[in-house]
Amino acid sequence: MTGLSLPNDTGAITAAEIDALAARHYNATLQSIAKIHSDLCILRVVPDAGLVPFLPGQYLSLGLGNWEPRVAGVDPEPLNAVQQKRLCKRAYSISCSLLDDAGSLRRVQEFPYLEFYVALVRHAARRPPALTPRLFALAPGARILVEPRVAGHYTLAGIPPDADVIFFATGTGEAPHNAMIAELLATGHRGRIASAVCVRARRDAGYEAVHRELARRFPNYRYFVLTTREPENLDPAHPHYVGKQYLQDIVRSGQFERDAQLPLDPARTHIFLCGSPAMIGLGPQASPTAPLAGSMLELLQSRGFIPVSPARPGNLHFERYW
Ligand SMILES: Cc1cc2nc3c(=O)[nH]c(=O)nc-3n(C[C@H](O)[C@H](O)[C@H](O)COP(=O)(O)OP(=O)(O)OC[C@H]3O[C@@H](n4cnc5c(N)ncnc54)[C@H](O)[C@@H]3O)c2cc1C
Ligand SMILES: NC(=O)c1ccc[n+]([C@@H]2O[C@H](COP(=O)([O-])OP(=O)(O)OC[C@H]3O[C@@H](n4cnc5c(N)ncnc54)[C@H](OP(=O)(O)O)[C@@H]3O)[C@@H](O)[C@H]2O)c1
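In this text the structure is predicted, and so the values were computed from the model without any measurement.

## What to know about the overall build of the protein
Each helix and strand in the protein was counted, giving 10 helices and 13 strands. Computed over its C-alpha atoms, the radius of gyration of the protein comes to 21 Å, within 12% of the 20 Å expected for a compact globule of 322 residues. With respect to the three principal axes, the spread of C-alpha positions in the protein is 60 × 45 × 40 Å. Here the analysis covers contacts within the protein between residues at least 6 apart in sequence; of these, 71% occur between residues at least 24 apart.

Below is the structure:
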């Protein structure tokens with residue numbers, strides 16, 4: 001149990017109780033957990049009942065019992081005996097490997113597992129992070145809950161086959177984009193496609209190699225990684241200093257359009273935003289019609305894009321993670 005800690009040391013829950021709770025709630029097996037580094041991983045999960053149909057871009061919930069151990073170095077989570085027997089569940093976008101073991105491009109539904117791209121949350125403002133410290137303690141073969149109900153309107157529904165499609169993500173917000181990009185490329189989408197992800201450090205771009213390979217194979221696909229905490233972002237004395245590069249910066253300056261060779265034309269372009277609500281522009285005091293100053297929603301609406309809403313169709317799609 002090195003590096004892991006049990007929910008508490010009172011021993012309130014017995015091994016027999018844990019076995020019974022796990023047998024009652026868990027319905028899937030962790031096939032693999034690939035650690036990109038200590039705080040970022042790709043999980044592959046196989047539900048006992050097989051894969052349910054879903055659309056690229058949708059999400060479902062994963063769950064583990066509060067009785068499961070947590071990795072070390074995260075906020076402590078004191079739990080009483082009743083809380084220890086409960087489940088913690090969180091929503092996760094279904095990600096996609098894009099290339100199979102033979103290097104062939106596959107649509108997300110063609111893989112024999114569900115893939116998830118998950119960041120370890122070590123500290124959180126309001127309450128200790130519940131699920132990721134437990135997910136990161138799992139080993140292949142572990143049992144887990146996969147909620148069978150797939151949800152979400154952050155999909156390619158209504159995208160014309162010759163539209164230009166741009167995906168902007170922070171961190172693991174890239175996950176649903178991977179599934180949508182696989183779909184577009186595998187079905188011969190005629191418009192141009194670009195994906196840009198903003199991460200703290202280069203090593204946080206967990207799918208970079210596969211996207212570089214796809215950009216090599218598909219002339220209508222481009223992939224970009226921006227960083228914010230590498231030496232060239234932080235040290236003005238660095239020979240290649242560029243400062244912190246947010247997605248908003250490369251859109252506002254025109255750099256994105258130049259590098260992607262893709263004009264931001266609302267008449268033929270759909271844009272997808274996923275990840276941090278601060279990047280998207282949402283928060284307690286903000287909404288799609290009154291987004292945060294300096295956010296992507298504000299910037300792109302000023303360029304003529306229209307956020308999708310239940311009331312009207314648009315060309316600016318967004319999914320916030322918290
Ligand atoms: C529709 C939807 C899809 C999601 N898909 C993913 C996904 O594919 N991958 C993923 O890692 N997370 C995803 N999330 C977030 C996920 O549901 C959990 O909130 C997250 O994994 C942290 O869980 P936790 O219980 O450890 O901490 P929580 O108590 O849930 O979160 C604590 C705090 O951590 C921060 N946080 C949460 N998620 C992230 C994140 N991904 N990156 C950076 N900071 C974060 C926020 O400040 C949040 O308030 C998604 C959320 C939603 C609503
Ligand atoms: N990535 C790591 O190495 C690392 C290490 C320790 C802990 N963690 C934890 O892991 C979780 C995930 O971290 P993460 O780095 O994947 O996600 P994140 O904190 O959401 O950051 C992803 C990227 O979004 C940028 N960003 C932040 N605010 C923005 C805004 N208003 N507009 C546009 N972009 C913005 C970040 O830049 P900034 O540099 O400005 O934040 C970063 O480059 C967090 O809970 C974090 O505490 C991560």
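## A short note on the site of ligand 1
By nearness alone, 21 residues border ligand 1, and Arg90, Ala124, Pro129, Leu131 and Thr132 come closest of all. Listing elements by their share of the shell around ligand 1, those giving two or more residues are strand S6 (87-93) and strand S7 (114-119). Of the residues that constitute the shell around ligand 1, the class distribution is 15 nonpolar, four polar and two charged. Looking at which domains feed residues into the shell around ligand 1, each of domain 1 (4-146) and domain 2 (164-320) gives three or more.

## Considerations on the domain arrangement of the protein
Along its sequence, the protein is organised into domain 1 (4-146) and domain 2 (164-320). Just the C-alpha atoms count here: the centres of domain 1 and domain 2 sit 27 Å apart. In this complex, domain 1 contributes 20 residues to the contact, which on the side of domain 2 involves 19 residues. For the side of domain 1 that touches domain 2, the secondary-structure elements that each account for two or more residues are strand S2 (28-37), strand S3 (40-47) and S7. For the side of domain 1 that touches domain 2, the element with the highest residue contribution is S7, accounting for four residues. Taken together, the residues of the side of domain 1 that touches domain 2 sort by class into 14 nonpolar, four polar and two charged.

## Thoughts on the sheet that holds strand S11 (residues 221-227)
On the basis of which strands lie adjacent, the open sheet formed by five strands has the order S11-S10-S9-S12-S13 and parallel pairing. Among the strands making up the open sheet, the edge pair consists of S11 and strand S13 (316-320). The sheet shows a mean angle of 10 degrees between the axes of neighbouring strands, direction not considered. Pairing of strand S10 (residues 193-199) with S11 involves seven bridges; the strand directions are parallel. Its bridge partner being in S11, Cys198 is matched across the sheet by Leu226. Set on the sheet, helix H4 (residues 175-186) makes contact with strand S9 (164-170), S10, S11, strand S12 (269-275) and S13; between it and S9 the angle comes to about 160 degrees. Where helix H5 (residues 208-217) meets the sheet, its contacts fall on S10 and S11, and the angle it forms with S11 comes to roughly 145 degrees.

## Section: the sheet that holds S6
Within the open sheet, the six strands sit side by side as S6-S4-S8-S2-S3-S7. Their pairing is antiparallel. Here the strands that pair on one side only, and so sit at the sheet edges, are S6 and S7. Along the sheet, successive strands turn relative to each other by an average axial angle of 40 degrees, direction set aside. Across the sheet, helix H1 (residues 15-25) touches strand S4 (59-65), S6 and strand S8 (143-146), and the angle it forms with S4 is around 165 degrees.

## Some remarks on the site of ligand 2
The full set close to ligand 2 counts 22 residues, and Thr170, Gly171, Thr228, Ala278 and Met279 are the nearest of them. Put simply, the parts of the chain that give the shell around ligand 2 at least two residues each are S10, helix H7 (247-252) and helix H9 (277-280). Looking at side-chain class alone, the shell around ligand 2 contains 10 nonpolar, six polar and six charged residues. When residues are assigned to domains, the shell around ligand 2 turns out to be shared by domain 1 (4-146) and domain 2 (164-320), each giving three or more.

## Digging into the pairing of S4
Within a regular strand, side chains alternate between the sheet's two faces. In terms of residue burial, S4 counts as a mostly covered element, since six of its seven residues are buried. As paired elements, S4 and S6 share seven bridges and run antiparallel to each other. Of the residues in S6, the one forming a bridge with Leu62 is Arg90. When S4 meets S8, the two strands line up antiparallel, connected through two bridges. Paired with Leu62 across the strands is Val146, a residue of S8.

Conventions used here
As a convention, each chain's residues are numbered from 1 in the sequence order in which they are written. Think of it this way: whatever chain is written first is A, whatever ligand is written first is 1, and the rest follow in order. Residues qualify for local features only when their pLDDT is at least 70, as the model is predicted, and side-chain atom pairs are given and counted only at 80 or more; totals for whole chains, interfaces and linings, by contrast, use all residues. By definition, any uninterrupted DSSP run of H or I lasting at least four residues is a helix, any uninterrupted run of E lasting at least two residues is a strand, and each is numbered from the N terminus. Only C-alpha atoms enter the radius of gyration, while the globule expectation follows 2.2 Å times N to the 0.38, with N the number of residues. C-beta atoms are placed from the backbone for every residue, and two residues are taken to be in contact when these atoms lie within 7 Å. The rule is simple: place the C-beta atom from the backbone, and if it lies within 6 Å of a molecule or strand, the residue is near it. Any residue outside Ala, Val, Leu, Ile, Met, Phe, Trp, Tyr, Cys, Pro, Asp, Glu, Lys and Arg is labelled polar, Gly included; the first ten of those are nonpolar and the last four are charged. Each domain's extent is set by a domain assignment, obtained either automatically or from a database. When DSSP finds two or more bridges between two strands, those strands count as paired. The axes used here are C-alpha line fits, helices contributing only the stretch in contact, and every angle between their N-to-C directions lies in the interval 0 to 180 degrees. As a rule, residues whose C-beta atom has 12 or fewer other C-beta atoms within 10 Å are exposed, those with 20 or more are buried, and those in between are partly exposed; C-beta atoms are placed from the backbone.

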